[in-house]
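Observations on the model geometry
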Amino acid sequence: MATPLLQLDAPPYPEREEAPEPGWLQARADALGGALQRRWRAWGVRRGAVVARIRQHEAELDALDDAGLAEAARELGRALRRDGLQPALCARAFALAGCAAHRRLGKRPYDVQMLGGWIMLQGMVAEMNTGEGKTLTATLPACAMALAGVPVHVITVNDYLVARDAELMRPVYEALGLRVGVVTEDLQPPERQAAYACPVVYASNKTVVFDYLRDRLVLAGQTDALRLRVDQLAGEGARTRRLLLRGLSYAIVDEADSVLVDEARTPLIISAPAGDGGEAELARQGMVLAAALVQDEDFRLALDTRIVHLTEAGRRSVARISAPWGGPWAGKLRREELAVQALTAQHLFHRDQHYLVRDDQVQIVDEYTGRVMADRSWERGLHQMIEAKEGCTVTAPKAPLARISYQRFFRRYLRLSGMTGTAEEVRGELGAVYGLPVVRVPTHRPSRRQIRPERVLRSADAKWQAIAQRVAELHARGAPVLLGTPSVAASERAAAALAARGLPYQLLSAKQDADEAAVVAAAGQPGRITIATNMAGRGTDIALAPEALALGGLHVILSERHDSGRIDRQLAGRCARQGDPGVFEAVLSLDDELLHQLGQRTPLARLATHLRRAAGDDAGPLAVWLIRLAQHRVEQAHSRVRQALLKSDRQVSRLLAFSGRPE
Ligand SMILES: Nc1ncnc2c1ncn2[C@@H]1O[C@H](COP(=O)(O)OP(=O)(O)OP(=O)(O)O)[C@@H](O)[C@H]1O
C-alpha cells in the first residue's frame, strides 16, 4: 500500500494542501471517477480476507509474556517505519493490539471489529451498528499507525467521551509501549503541547480545530511586535516550538456523520471582542422593528432552511420605522441586514430549544446533542439581538481572527477515517466532500431489537397522555424505559406528564451536564424511567442489569422525530446492543415541529390540518407517512445549506488569503 503518510522527508507540520477548485466539467468528471474509485476501494477491503491474516499471528503472540509483547511491538514498529504500512505488517499490528486488549481489558476484538478497524486504516468510514464496540475497534488502526510513527488523532464529540474513551483504552496502548495524550478544554498550552506530542491523541473535534487555528495564527506570523521580538531573540524554530499540534496526519473520527456532516455547518472562529459600544442600542432597536413588522406582509419565513425573506413592502416599512434612528440604519443594505437578523432572532430562534438563558447570558444549545455550548455565540449581531429579546445584558460582538469550517479542516488530514452507526444516509455527502468511501460492517450477533408500530396522535396533549400511559404499563412490569425528546422544553413537558401519573423519573437534559454519566449508568436498572434529550443518543452505553435483560431489555420511546433521521436511529441504538433484547417505538403527534416545516398553505400542510380535525386520537398511517416525508424534506434542505456553506467557505478563504489573513 503506497502511503504519503510515511515519507522520511515529511515536513514538520504535515497536512494536505487544498486542491484548487476544479472547473464545472472537471468537477463532474471527478465526482464520477471518485464515486467509482470509492466503490472499488470498498470492494477491495471486503475481498481482502484480512481477518484470517490477522488471526494467524494470535497463537504466537498469546504465548509471549508482557515484556515479550512490548518487544514484539517495538520490533514491528521498526519494520513499519522501514517498509511503510505493508498489509502484512499492519495485520500483525492488529493482532498485537487485539492481544493487548484481551490481556488488559478481557476483550478480544471480534472479527467484525477487525474488519471495521481495517476499513479505517485504509482511510474509509466503517458503518458499524450502535453498540458494536467502536471504542475498542478504533484502537486497532490507531495502534498500527502509531507503531509506524504516524501521529494519530482519535476524535470524539465531547470532552466527556474523550476522557472516558482514552482512559478505557489506555491499557491497550500502554501494553504496546504507546503513550496516550488526552486533550480536553481545561488544559493549559504547555500541557496541551505535551499531550499532542504523544503517539496517540484523544481530543474532541472542537478542541482539535481550535488548536489548529491557533497554530495557523502562529504559522501565519502575527504582526504583533512583541511576538516578533520573542521570535528574534529565540532564533530559528521558535515559532514551531509554539505550535500545539504535529500537523494533520491521520484521524479516526468517531460519530463521523455527526462531526463531518451535521457539525460541518458550523464555522469555527477564533475571535477578539470588537464592539463600538453601540450594540445594545442597535439590538434594542432591532427588537422594536421586529415587533412592528407583520408576517406574510412585510416578511416571509422559510422554516425548513431558517431563512427570513423581506418583501418589497417590508423593505419600505423597515426604512420608515428606522428613519429616526440614523447611524447604521441609514444605509439600505445594512438596515435590511439588521432587520433580517432581528426577525430571525424573534421568530426562528426559541428559548429552551435553540438556547438557554442562564445568569443573564444567552447560551447556545447544540441542536444535535442537546448540550450547552457556553463559549459560542451567533455571528453578525444575531447573538446581541437575542440577548435584547430576552432582556439580558447585551454583550460586545466579536471580530474573527481566524476561521475554518469542519468541512475544510478535516479535508486537510493526509488520511481521514471514521466510524459511526449511521453513515448510509450521508454516503453521498461523505464521498463528495471528503472523498471518503463508506463500508458497512455486519453485526457480531444478529440484532434482537423489536420495533413496534409507530403511532401518530392528533395533538401534543394526546401524545403525552399516550406516552405516560405506555410508560406506566412498562414501569408496572419493571422494564427500564428511556424516553427521548427533541429539546429541553419537551423534556420538561414529558416530565410533567409522567409526574401527573405519579411515575418516578430521572431527567437528563442540557442543564445537567455534570450528573449525566451517573444517570446514564443507572438507566438500565429495572423500573428506571429516564427522560433525555437526544444527547443520550450518541456514545452512551447503557449497561443492562441482568433482571432487566429478563424483562425484555431497555425500552426506548421516541416522542418526536428529529430533523435528521440519523439522530432517531441513534436513539433507537441505545437498546438491543450486542445481541441483547430491546424494544423501540415512536409515539408522535400532528403538533410536532417537523410538520410546521411543511409550510402554511401547501397541500401537505392542508392534509395535516385535515388529519388534525378527523375524529379519534390516533391519526393513522397517512400521518406516519406525512411525518416521514417532512423529515426527508428537511434533511434535503439541510444538505443544500451545507453545500452552500462549503461554497461560501471557499469564497471567504479566497478573500482572506487575498487580504493576508490566515484562513
Ligand atoms: N470484543 C468485545 N468483547 C466483549 N465486549 C465488547 C467487545 N467490544 C465491545 N464490547 C462492549 O460492548 C459495549 C458497547 O461498546 P461501545 O460503547 O464502544 O459501542 P459503540 O459501537 O461505540 O456504540 P455507539 O454507536 O452507541 O456509540 C461496551 O460495553 C463494550 O465494553
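Small disclaimer: the values here were computed from a predicted structure and weren't measured.

Turning to the site of the ligand, a few remarks are in order. Not every one of the 19 residues close to the ligand is listed here, only the nearest: Lys-107, Lys-134, Thr-135, Asp-541 and Arg-574. One of the backbone nitrogen or oxygen atoms of Arg-108 is found 3.0 Å away from a nitrogen atom of the ligand. Protein contact buries 83% of the 650 Å² of open area that the ligand shows by itself. At 3 residues, the largest contribution of residues to the shell around the ligand is made by helix H7 (residues 134-147). The residue makeup of the shell around the ligand, split by class, is 3 nonpolar, 8 polar and 8 charged. The two domains that each donate at least three residues to the shell around the ligand are domain 1 (34-265 + 406-440) and domain 3 (448-639).

For the rest of this paragraph, the subject is unusual backbone geometry. Not every positive phi belongs to a glycine, and Asp-352 is a case in point at roughly 65°. At Ala-576, a residue that is not glycine, the phi angle is positive and equals roughly 55°. Structurally, Ala-576 can be placed in the loop between helix H24 (565-572) and strand E21 (581-589). A residue is classified by how much of its surface remains accessible, and Ala-576, at 8% relative accessible area, is buried.

Ordered by their spatial adjacency, 3 strands build an open sheet running E9-E10-E11, and the pairing between neighbours is antiparallel. Looking at strand neighbours, the two that pair on one side only are strand E9 (355-358) and strand E11 (372-373), the edges of this open sheet. Packed on one face of the sheet, helix H17 (residues 382-389) meets E9 and strand E10 (361-365) and runs near 120° to E10.

Proteins that are soluble and globular tend to have nonpolar side chains buried together. Counting residues in each nonpolar core, the largest one holds 62 residues, and the members touching the most others are Leu-96, Tyr-173, Leu-176 and Tyr-202. Sequence-distant contacts of Tyr-202, defined by excluding residues within four places in its chain, comprise Thr-139, Val-154, Val-162, Asp-165, Ala-166, Met-169, Tyr-173, Val-180, Gly-181, Val-182 and Val-183. Val-201, Ala-402, Ile-404 and Tyr-413 belong to the second largest nonpolar core, which has 45 residues in total.

If you trace the 7 strands from one edge of the open sheet to the other, you get E3-E4-E2-E5-E13-E1-E14, paired in parallel fashion. Edge positions in the sheet fall to strand E3 (180-183) and strand E14 (438-440), since each has one partner strand and no second. Going across the sheet, the axis of each strand differs from the next one's by a mean of 20°, ignoring polarity. Most of the contacts of H7 go to strand E5 (residues 250-254), to which it runs at about 180°, and overall it touches strand E2 (152-156), strand E4 (200-204), E5 and strand E13 (415-420).

Moving on, we get to the pairing of strand E17 (residues 481-485). The element E17 is extensively covered by neighbouring structure, given that 5 of its 5 residues are classed as buried. Of the two faces of E17, the one carrying Val-481, Leu-483 and Thr-485 and the one carrying Leu-482 and Gly-484 are both buried. Both E17 and strand E19 (residues 529-533) contribute to a ladder of 5 bridges, which runs parallel. Looking at E19, one finds that Val-481 is bridged to Ile-529. When E17 meets strand E20 (residues 554-558), the two strands line up parallel, connected through 4 bridges. Within E20, the residue paired with Leu-482 across the bridge is Val-556.

Right, let's get into the UniProt feature "binding site: ATP" (unreviewed entry) in the chain. What UniProt calls "binding site: ATP" (unreviewed entry) maps, in this numbering, to Gln-113, Gly-131, Glu-132, Gly-133, Lys-134, Thr-135 and Asp-541. Within the secondary structure layout, Gly-131 lies in the loop between strand E1 (125-127) and H7.

Let us look at the packing of helix H20 (residues 460-477) against helix H21 (residues 488-500). Packing of H20 against H21 leaves a shortest axis separation of 9 Å and a crossing angle of 60°. Compared by their axis directions, H20 and H21 come out oblique. For the crossing formed where H20 meets H21, the hand is right-handed. Of the residues in H21, those touching H20 at Ala-460, Asp-461, Trp-464, Ala-468 and Val-471 are Ala-490, Arg-493, Ala-494, Ala-497 and Leu-498. Its residues assigned to classes, the contact of H20 with H21 comprises 8 nonpolar, no polar and 2 charged.

By the element assignment, Glu-560 lies in the loop between E20 and H24. A polar contact of 3.0 Å, which involves the side chain of Glu-560, links it to the backbone nitrogen of Glu-593. If sequence neighbours within four positions are ignored, Glu-560 has contacts with Lys-463, Pro-486, Asp-568, Leu-588, Asp-592, Glu-593 and Leu-594.

Next up on the list: H20. Here H20 contains 18 residues, and its C-alpha end-to-end distance of 26 Å stays within 8% of the 26 Å for a straight helix at 1.5 Å per residue. Residues of H20 that are buried in the fold lie against strand E16 (455-457), E17, H21, E19, E20 and E21.

Turning our eyes to something else, we now look at helix H19 (residues 427-434). Taken residue by residue, H19 has Glu-429, Leu-430, Gly-431, Val-433 and Tyr-434 as its buried positions. With its phi angle positive at about 65°, Gly-435 sits one or two positions after the end of H19.

With respect to the helices and strands, Arg-306 occurs in the loop between strand E7 (299-302) and strand E8 (307-310). Taking the C-alpha atoms as reference, Arg-306 lies 7.9 Å from Thr-344; in sequence the two are 38 residues apart.

Take the pairing of E7 next. Summarising the sheet, E7 and E8 pair through 4 bridges and their orientation is antiparallel. Bridge pairing links Phe-299 to Leu-310 in E8. As consecutive antiparallel partners, E7 and E8 are separated by 4 residues, and within that stretch Arg-306 has a phi angle of approximately 55°, a positive value.

Scoring rules and cut-offs
Residues numbered from 1 in each chain as written. Predicted model: local features only at pLDDT ≥ 70, side-chain atom pairs only at ≥ 80, totals over all residues. Heavy atoms only, no water. Near = heavy atom within 4 Å. Polar contact = N/O pair within 3.5 Å; in protein donor to acceptor, adjacent residues only side chain to side chain. Areas by Shrake-Rupley, 256 points an atom, 1.4 Å probe, with all protein chains shown as cover. Helix = DSSP H or I, 4+ residues; strand = E, 2+ residues; numbered from the N terminus. Nonpolar A, V, L, I, M, F, W, Y, C, P; charged D, E, K, R; others polar. Domains from an automatic or database assignment. Buried < 20%, exposed > 50% of the residue type's maximum accessible area, 1.4 Å probe, protein only. Pairing = 2+ DSSP bridges. Contact = heavy atoms within 4.5 Å. Axes fitted to C-alpha atoms, helices over the stretch in contact; angles between N-to-C directions. Core = buried A, V, L, I, M, F, W, Y, C linked by side-chain atoms within 4.5 Å. UniProt positions renumbered as here; feature names shortened; annotations may be inferred. Parallel < 35°, antiparallel > 145°, perpendicular 65-115°, else oblique. Left-handed = near helix turned anticlockwise from the far one by under 90°. Expected span 1.5 Å × (residues − 1).

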